[in-house]
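Spelled out from the first residue to the last, the chains are:
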Amino acid sequence: KILLSMIILGTISCKTTSTTKKETTMQLTPKIKEILIHLETIQVFQGKNPLDISRKHYDAMAQQLSGTKEAVFSMEEFNIPSKNHQIPVRLYRPKGKTSNSSAIIYIHGGWFISGGYETHDAIARKLSNETEAVLLFVDYRLAPENPFPAGLNDCKDATAWLINHAKKLGID
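Scoring rules and cut-offs
Residues numbered from 1 in each chain as written. Predicted model: local features only at pLDDT ≥ 70, side-chain atom pairs only at ≥ 80, totals over all residues. Heavy atoms only, no water. Helix = DSSP H or I, 4+ residues; strand = E, 2+ residues; numbered from the N terminus. Buried < 20%, exposed > 50% of the residue type's maximum accessible area, 1.4 Å probe, protein only. Contact = heavy atoms within 4.5 Å. Areas by Shrake-Rupley, 256 points an atom, 1.4 Å probe, with all protein chains shown as cover. Salt bridge = Lys/Arg side-chain N within 4 Å of Asp/Glu carboxyl O. Phe/Tyr/Trp six-rings, centres within 6.5 Å; stacked < 30°, edge-to-face > 60°. Core = buried A, V, L, I, M, F, W, Y, C linked by side-chain atoms within 4.5 Å. pLDDT = per-residue confidence, 0-100.

Looking at the overall build of the protein
No. 1: Each helix and strand in the protein was counted, giving 4 helices and 7 strands.
No. 2: Starting at the N terminus and walking to the C terminus, you meet the elements of the protein as β-β-β-α-α-β-β-β-α-β-α.
No. 3: Taking all 172 residues of the protein together, 35% fall into the buried category.
No. 4: In the protein, 56% of the contacts between residues at least 6 apart in sequence involve partners at least 24 apart.
No. 5: Approximately 10,900 Å² of the protein is accessible, and the part contributed by carbon and sulfur atoms is 58%.

Structure below.
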């Protein structure tokens, strides 16, 4: 059996549980070291409950690791009608391409319990520009307030909406 422990100072120790008690040390890449040092700066939050604290940690980490926000050609916020509610979305258009674009449905990380526009805005902008694709960012409903699969259903409904409105939106 191998036990892995990460040392924030920049090495990973691999300890075996065999009778020889060998220890091997590997150096992390400079980028991984930078991320780990950066993670140490994330502040501990006080919250109402464990979910609130978890969301605050996730929001802070995602924003700090996502980089700077690039300019895009345009970004529009609107709601897509669904059965019993409205699904908030953002539509990003990349710099340099205004028609006949491909499309990306962006479903942010957060395990359907945290995250949203601000945690992933920089990533969405960069992805739209780098791929020259229109990007539809779905701000799906979060659990536990909206039990799973509510958020997943929002993503499916937004995808169907985008397919049905592609021509009007200039999406190829």
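Considerations on the pattern of salt bridges
No. 1: Using the criterion set out here, one finds 6 salt bridges in the structure.
No. 2: Ionic pairing is found between Glu-70 and Lys-126, a salt bridge with its closest N-O pair at 3.6 Å. Pair noted here: Glu-70 is in the loop between α2 (50-65) and β4 (74-81) and Lys-126 is in helix α3 (residues 117-131), with a separation of 56 residues, a long-range link.
No. 3: Residue class for Glu-70 comes out partly exposed when judged on its relative accessible area of 23%.
No. 4: Residue Lys-126 is classed as partly exposed on the basis of its relative accessible area of 43%.
No. 5: In this structure, Glu-77 and Arg-90 form a salt bridge, with 2.8 Å as the shortest nitrogen-oxygen distance. Here Arg-90 lies in strand β5 (residues 86-93) and Glu-77 lies in strand β4, a separation of 13 residues in the sequence.

Considerations on the packing of aromatic side chains
Both the distance between ring centres and the angle between the ring planes are used here to describe each pair of aromatic rings.
No. 1: Tallied over the full model, the rule gives 2 aromatic pairs.
No. 2: Aromatic pair Phe-78 and Trp-161: ring centres 5.5 Å apart, planes at 50°, arrangement tilted. Placement of Phe-78 in strand β4 and of Trp-161 in helix α4 (residues 150-169) is noted, with a sequence separation of 83 residues between them.
No. 3: Here Trp-161 falls in the buried class, since its relative accessible area comes to 16%.
No. 4: Taking 5.2 Å as the distance between ring centres and 50° as the angle between the ring planes, the aromatic pair formed by Tyr-106 and Phe-137 counts as tilted. One end of the pair, Tyr-106, is in strand β6 (residues 103-107); the other, Phe-137, is in strand β7 (residues 134-138), and 31 residues separate them in sequence.

A short note on unusual backbone geometry
No. 1: In this chain, Ala-143 is followed by Pro-144 through a cis amide linkage whose omega measures 5°.
No. 2: Its place among the elements puts Pro-144 in the loop between β7 and α4.
No. 3: Here the phi dihedral of Glu-132 falls at roughly 55°; this positive angle occurs in a residue that is not glycine.
No. 4: One can find Glu-132 in the loop between α3 and β7.

Focus: the nonpolar core
No. 1: In terms of nonpolar packing, the biggest core is built from 16 residues, with Ile-80, Val-89, Leu-136, Val-138, Leu-162, Leu-169 and Ile-171 touching the most fellow members.
No. 2: Only β5, β7 and α4 provide two or more residues apiece to this core.
No. 3: Dropping the residues within four chain positions of it, Val-138 is found in contact with Ile-87, Pro-88, Val-89, Ile-105, Tyr-106, His-108, Asp-154, Cys-155 and Ala-158.
No. 4: Judged by nonpolar contacts, the second largest core, of 7 residues, contains Val-72, Tyr-92, Leu-135 and Phe-137.

A short note on the confidence of the model for the protein
Note that predicted coordinates carrying low pLDDT should not be read in detail.
No. 1: Overall, the prediction assigns the protein a mean pLDDT of 77, with 72% of residues at 70 or greater.
No. 2: Across the protein, the secondary-structure element scoring lowest on mean pLDDT is strand β1 (residues 2-7), at 28, and the one scoring highest is β5, at 95.
No. 3: Residue range residues 1-19 is modelled with pLDDT below 50. Its contacts to residues more than four positions away, or to other chains, number 42 contacts.

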